[in-house]
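An overview of the molecular structure
Chain by chain, the residues:
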Amino acid sequence: MSTAPALPKTSRTEAEGDEVQHRPALRERAPFILLSQLVLFLVIMVAWDALGRFGVVDRTLISGPLEVLERLRDLYDSGNLFGQILATMHAVALSLLIGVPVGGALGLVLGSSRFLDRVAEPFLVPLNSLPRIALAPLFIVWFGLTVNAKAAVGVTLVVFIMLFNTRAGVKETSRDLLLLADSLGMSTLERFRKIVLPGSVPVIVAGIRLSLTYALLGVIASEMIGARNGLGTDIVRFSNTLQVGGVFAILVILALISFGLDRLLGAFERRALRWQ
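Residues numbered from 1 in each chain as written. Predicted model: local features only at pLDDT ≥ 70, side-chain atom pairs only at ≥ 80, totals over all residues. Heavy atoms only, no water.

Now for the overall build of the protein. Helices and strands together make up the secondary structure of the protein, namely 11 helices and zero strands. For the protein, the proportion of its 276 residues judged to be buried stands at 33%. Per element, the accessible surface of the protein, about 17700 Å² overall, is 67% carbon and sulfur. (Helix = DSSP H or I, 4+ residues; strand = E, 2+ residues; numbered from the N terminus. Buried < 20%, exposed > 50% of the residue type's maximum accessible area, 1.4 Å probe, protein only. Areas by Shrake-Rupley, 256 points an atom, 1.4 Å probe, with all protein chains shown as cover.)

A grouping of Leu 97, Ile 98, Val 102 and Leu 106 is seen on the molecular surface, where their side chains present a nonpolar patch of about 360 Å² in accessible area. Along the polypeptide, Val 102 turns up in helix 4 (residues 81-112). (Patch = residues over 30% accessible without salt bridge, like charges linked within 9 Å, V, L, I, M, F, W, Y side chains within 5 Å. Salt bridge = Lys/Arg side-chain N within 4 Å of Asp/Glu carboxyl O.)

Per the UniProt record, "transmembrane region" (unreviewed entry) is annotated on residues 32-51, 81-111, 195-221 and 241-261. Within the segment residues 32-51, helix and strand shares are 100% and 0% respectively, and the terminal C-alpha atoms sit 29 Å apart. Counting secondary structure, residues 81-111 comes out at 100% helix and 0% strand; the distance between its end C-alpha atoms is 43 Å. (UniProt positions renumbered as here; feature names shortened; annotations may be inferred.)

Another point: the side chain of Arg 167. Summarising the element assignment, Arg 167 is placed in helix 7 (residues 147-171). Taking relative accessible area as the criterion, Arg 167 reaches 12% and is therefore assigned buried. When near neighbours in sequence (up to four residues on either side) are disregarded, Arg 167 contacts Gly 107, Leu 110, Gly 111, Asp 117 and Leu 124. (Contact = heavy atoms within 4.5 Å.)

In this fold, Phe 143 is placed in helix 6 (residues 132-143). The contact partners of Phe 143, leaving out residues within four places of it in the chain, are Asn 148, Ala 149 and Ala 152.

This paragraph deals with the packing of helix 4 against helix 5 (residues 114-128). Interhelical geometry of helix 4 versus helix 5 gives an angle of 120° and a closest axis separation of 6 Å. When the axis of helix 4 is compared with that of helix 5, the two are oblique. Counting all contacts with helix 4, which are made through Val 109, Leu 110 and Ser 112, the residues of helix 5 involved are Arg 114, Leu 116, Asp 117, Ala 120 and Leu 124. Of the residues that constitute the contact of helix 4 with helix 5, the class distribution is five nonpolar, one polar and two charged. (Axes fitted to C-alpha atoms, helices over the stretch in contact; angles between N-to-C directions. Parallel < 35°, antiparallel > 145°, perpendicular 65-115°, else oblique. Nonpolar A, V, L, I, M, F, W, Y, C, P; charged D, E, K, R; others polar.)

Attention shifts here to helix 2 (residues 30-53). In an α-helix, one turn spans 3.6 residues, which is why side chains three or four residues apart end up on the same side. In a regular helix each residue adds 1.5 Å, so 24 residues correspond to 34 Å; helix 2 covers 34 Å between its end C-alpha atoms and thus fits that length. All of the buried residues along helix 2 are Trp 48, Asp 49 and Gly 52. (Expected span 1.5 Å × (residues − 1).)

So, on to the environment of Val 46. The residue Val 46 is located in helix 2 in this model. On the basis of relative accessibility, which here comes to 56%, the residue Val 46 falls in the exposed class. Sequence separation of Val 46 and Pro 65 is 19 residues, and the distance between their C-alpha atoms is 8.6 Å.

Once that is clear, we can look at the packing of aromatic side chains. If you walk through the whole model with that rule in mind, you get four aromatic pairs. Relative to Trp 142, the ring of Phe 139 lies with its centre 5.7 Å away and its plane at 65°, an arrangement referred to as edge-to-face. Residue Phe 139 and its partner Trp 142 are both found in helix 6; the two are separated by three residues, about one turn of the helix. Relative accessible area serves as the criterion here: at 9%, Phe 139 is assigned to the buried category. Taken together, the aromatic side chains of Phe 139, Trp 142 and Phe 143 make up a single cluster linked through ring pairs. One residue, Arg 237, lies across the ring of Phe 238, its end atom 4.5 Å from the ring centre. (Phe/Tyr/Trp six-rings, centres within 6.5 Å; stacked < 30°, edge-to-face > 60°. Lys NZ or Arg CZ within 6 Å of the ring centre and 35° of its normal.)

Membership of the largest hydrophobic core comes to 27 residues, with the highest contact counts inside it found for Leu 75, Leu 231, Ile 250, Ile 253 and Leu 254. Elements supplying a minimum of two residues to this core: helix 3 (65-78), helix 4, helix 7, helix 9 (188-225), helix 10 (231-240) and helix 11 (244-272). Here this core gets seven residues from one element, more than from any other, and that element is helix 11. (Core = buried A, V, L, I, M, F, W, Y, C linked by side-chain atoms within 4.5 Å.)

Take a look at the structure:
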């Protein structure tokens, strides 16, 4: 009577080895990464304070962390800080609400049509290379010292970022999938909806995150040239009165805003790409 061959037994040592292999290394664990980030932050703060404290850099040219904290407290106590932040973020939001869909739509069209892409290509690079800061005075003439003038500068940046990213995403669609769609008799609309657009989502979302940064930069630059309110006007005011600590305080606020918004968009990106 024949018996079935015995299956090889996995030793306890091998199982433990596999578990150790799949276990993340210490340097890849979240608590260790957070601790490393805190240590790096403290090192930067100490080095920053030491530059002025020991005379490496003139104290009037670079304020220390404690001075910046004091300026931040003064801005908060003035009661005008949140109004200035709101004025800037209003223009940033308008820039994104207009620039993202317009640039994304143009990118989808140009990426899907070789004829239109070849017609528009000689104009895209020269238009994108125009210095947006030079357009800010023109927008002020057109729209006045309003939120529209600030948002217009941001839109000119966001549109091209989304256009180039989306166009690249559409062009990088797998040719094998497109051939498969043709063999299955998919219509142009079905092929676009089921293959081209989903394949372009990672690049489009990355373009949105990049657009946020440049929209903020464009709005701040416009406010520094001419505006009634916004964090850019505070930078100009502190610079004109040689209050270096105030300038650094505004830069810290902008860094915190950018960090928070990037985290939110990162969470959105993970949710949007969960299907992958």
